[in-house]
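Chain residues, written in single-letter form:
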Amino acid sequence: MKHFLNIHDVKDLNALVQEALKCKKTPKANRKLGKNKTLGLIFMNPSLRTRLSTQKAGINLGMDVMVMNFAGEGWALETEEGVIMNGDKAEHIIEAAAVVGSYCDIIGLRSFPTLKDRALDYSDHVINAFVKYAGVPIVNLESATVHPCQSLTDVMTIEETKSRKKPRVVLTWAPHPRALPQSVANSFAEWMNRTDYEFIIANPEGYDLAKEFAGKAQIVHNPEEAYKGADYIYAKNWSSYEDYGQILLQDENWMVDERKMNLTNNAKFMHCLPVRRNVVVSDAVIDSKHALVIREAANREFAAQAVLKQILNNG
Ligand code: AN0
Ligand code: CP
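Residues numbered from 1 in each chain as written. Chains lettered and ligands numbered in written order. Predicted model: local features only at pLDDT ≥ 70, side-chain atom pairs only at ≥ 80, totals over all residues. Heavy atoms only, no water.

**Student:** I would appreciate a short explanation of a nonpolar patch on the surface in the present structure.
**Tutor:** Together, M66, V99 and Y103 make up a nonpolar patch on the protein surface, roughly 290 Å² of accessible area in all. Given a relative accessible area of 40%, M66 falls into the partly exposed group. (Patch = residues over 30% accessible without salt bridge, like charges linked within 9 Å, V, L, I, M, F, W, Y side chains within 5 Å. Areas by Shrake-Rupley, 256 points an atom, 1.4 Å probe, with all protein chains shown as cover. Salt bridge = Lys/Arg side-chain N within 4 Å of Asp/Glu carboxyl O. Buried < 20%, exposed > 50% of the residue type's maximum accessible area, 1.4 Å probe, protein only.)

Written out as structure tokens, the structure reads:
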């Protein structure tokens, strides 16, 4: 693997999931692989899990890890090419990416969408500028359009816990007071579409994901219909793609609650975290034995490790 930007960088999904499960069994088995290699983690936005799990994954492989929060700490970056930089942006991404690349063997980057300009966001221009100018492999730690480290973890977690070969997996939209990216949902859909699971997306009208990500998924606009017989309920809020970046609805009937969970096939509850209790999911569901959220977050370490291992092995 050269870069890990999205599902298209994964040739054999099952092999990568098996690698992550192997890393979980013996996390310190490859401590020599990353010796004298530097992993740089750059965050344009907040993080808990991605930052610590990827750092830990690098340490497990013997890498030296440097982390930098750009928001508020780095220079304000210009990302448009050919502009006269006489405004508030002090540094161009062309130099910034090349400089970080000169210190690192692998770079992980988190850069959220603007949620204002759909065409710009969906060009994923920030991470692509790092690919173009950093000169080293790039790992996507959530970009404007996808969050592949999360999705790999999600497939791994389903593989670990599923009670039938082809589970019925439901990605359900849930309410949220703030406008959030579509990245986690886009990515989850893309990765589910690479499995042989039954995959359904439940979201209100106006919240359909871009077709390129929803792919062959069955889309329903009624939560009760989707929950029936589900083995996994994967909740996430996203802002509208159609009415780009807008919040169209706060309807609490879309919150994951016990009433709807009772319609399922004893479904497990999943969420990438951070989650707002009693907005996205009720206390009763997230505190129940069906919630996989802590296992899911813990698995981030081994998913990241599998990715770093494949990149390091590529030389
Ligand atoms: C982010 C999002 O929805 O993309 C990060 C999730 C991993 N969530 C929030 O900003 C709350
Ligand atoms: N799930 C996830 O990516 O969490 P953080 O935003 O805390 O990294």
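**Student:** Is there a simple way to explain the nonpolar core in this structure?
**Tutor:** One recurring pattern in soluble globular proteins is that nonpolar side chains are buried together. In terms of nonpolar packing, the biggest core is built from 77 residues, with F4 and F269 touching the most fellow members. Examining the composition of this core, we find that 10 residues originate from one element, helix α12 (residues 293-313), more than from any other. Split by domain, the residues of this core number at least three in each of domain 1 (7-146 + 300-313) and domain 2 (149-296). Apart from the residues lying within four places of it in its own chain, the contact partners of F4 are D9, V10, L16, I138, V139, N140, P148, C149, W191, V307 and I311. (Core = buried A, V, L, I, M, F, W, Y, C linked by side-chain atoms within 4.5 Å. Helix = DSSP H or I, 4+ residues; strand = E, 2+ residues; numbered from the N terminus. Domains from an automatic or database assignment. Contact = heavy atoms within 4.5 Å.)

**Student:** Would you mind showing me how to read the site of ligand 2 here?
**Tutor:** Taken together, S47, L48, R49, T50, R110, H147, Q150, C272, L273 and R300 make up all the residues around ligand 2. L273 places a main-chain nitrogen or oxygen 2.9 Å from a nitrogen atom of ligand 2. Summarising the interface, the protein chains cover 93% of the accessible area of ligand 2, which totals 250 Å² for the free molecule. Most atoms of ligand 2, that is more than half of them, are within 2 Å of grid points of the largest pocket. In terms of residue class, the shell around ligand 2 is built from three nonpolar, four polar and three charged. When we break the shell around ligand 2 down by domain, the ones giving at least three residues each are domain 1 (7-146 + 300-313) and domain 2 (149-296). (Near = heavy atom within 4 Å. Polar contact = N/O pair within 3.5 Å; in protein donor to acceptor, adjacent residues only side chain to side chain. 1 Å grid on protein atoms, 1.4 Å probe; cavity = no way out; pocket = protein on both sides within 12 Å on 5 of 7 lines; lining within 4 Å. Sits in = over half its atoms within 2 Å of the grid points. Nonpolar A, V, L, I, M, F, W, Y, C, P; charged D, E, K, R; others polar.)

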